[in-house]
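If you want the building blocks of each chain, they are given just below.
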Amino acid sequence: MSAVTELKKAAEQLSPGDRWEFFVWLRETEDVRTHQLEELRRDLAIGVEQANRGDVVPLDMSAIRAKVHQRAKQSVTT
């Protein structure tokens, strides 16, 4: 059994409050932060490469706001 599988099974046994605290702790660990930073750098490099090629579209702030509001509504209901 992998460590990830073991952690998932252990997390299922926790109370909702303890599970939340566990996931907050996990999200803030150095390994997770390093991984997230690497992903961000990779995504930024792709975006810069696309912009340098001229592969860009106009920024549609109305669509972005609508998407953010929709996500916020979903997170409140779940």
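For the structure, check the block above.
An account of the accompanying structure is given in this report. Quick caveat, the model's predicted, so the values are computed rather than measured.

Rules behind the numbers
- Residues numbered from 1 in each chain as written.
- Predicted model: local features only at pLDDT ≥ 70, side-chain atom pairs only at ≥ 80, totals over all residues.
- Heavy atoms only, no water.
- Helix = DSSP H or I, 4+ residues; strand = E, 2+ residues; numbered from the N terminus.
- Rg over C-alpha atoms; globule rule 2.2 N^0.38 Å.
- Buried < 20%, exposed > 50% of the residue type's maximum accessible area, 1.4 Å probe, protein only.
- Lys, Arg positive; Asp, Glu negative; His and termini not counted.
- Charge placed at Lys NZ, Arg CZ, Asp CG, Glu CD.
- Expected span 1.5 Å × (residues − 1).
- Salt bridge = Lys/Arg side-chain N within 4 Å of Asp/Glu carboxyl O.
- Patch = residues over 30% accessible without salt bridge, like charges linked within 9 Å, V, L, I, M, F, W, Y side chains within 5 Å.
- Areas by Shrake-Rupley, 256 points an atom, 1.4 Å probe, with all protein chains shown as cover.
- Axes fitted to C-alpha atoms, helices over the stretch in contact; angles between N-to-C directions.
- Contact = heavy atoms within 4.5 Å.
- Nonpolar A, V, L, I, M, F, W, Y, C, P; charged D, E, K, R; others polar.

### Describing the overall build of the chain
Assigned secondary structure in the chain consists of four helices and zero strands. Helices (α) and strands (β) of the chain occur, in sequence order from the N terminus, as α-α-α-α. On C-alpha atoms alone, the chain measures out to a radius of gyration of 18 Å, which is more than a quarter above the 12 Å that the 2.2 N^0.38 rule sets for 78 residues. Expressed along its principal axes, the backbone C-alpha trace of the chain runs to roughly 50 × 30 × 20 Å. Going through the 78 residues of the chain one by one, you find that 4% of them count as buried. Computing the positive centroid from 12 side-chain charges and the negative centroid from 13, the chain places the two 7 Å apart.

### Some points on helix H3 (residues 30-53)
Here H3 spans 35 Å end to end across 24 residues, near enough to the 34 Å set by a 1.5 Å rise per residue. In the segment just after H3, Gly54 is the residue with positive phi, at about 85°.

### As for the environment of Phe23
With respect to the helices and strands, the residue Phe23 is situated in helix H2 (residues 16-27). For the pair formed by Phe23 and Ile64, sequence separation is 41 residues and the distance between their alpha carbons is 28 Å.

### Some remarks on the pattern of salt bridges
All told, the structure shown has two salt bridges when counted by the stated rule. Measuring nitrogen to oxygen at the nearest pair gives 3.2 Å for the salt bridge that ties Arg53 to Glu49. In this pair, Arg53 and Glu49 are both assigned in helix H3, four residues apart and thus about one turn of the helix distant. Looking at Arg53, the relative accessible area reads 53%, which means it is exposed. With relative accessibility at 48%, the residue Glu49 sits in the partly exposed group. Salt-bridge contacts for Asp55 lead to Arg53; the nearest nitrogen and oxygen are separated by 3.5 Å. Bridged by salt links that share partners, the residues Glu49, Arg53 and Asp55 form one connected network.

### Some words on a nonpolar patch on the surface
There is a patch of nonpolar side chains on the surface, built from Leu59, Met61, Ile64 and Val68 and spanning about 380 Å² of accessible area. The residue Leu59 is located in the loop between H3 and helix H4 (61-77) in this model.

### Description of the packing of helix H1 (residues 3-12) against H2
For any two helices packed against each other, one specifies the crossing angle of their axes together with the interaxial distance. The geometry of H1 relative to H2 is characterised by a closest axis approach of 9 Å and an angle of 145° between their N-to-C directions. Contacts from Leu7, Ala11 and Glu12 of H1 reach H2 at Arg19, Phe22 and Phe23. Looking at the contact of H1 with H2 residue by residue, the class counts come to four nonpolar, no polar and two charged.

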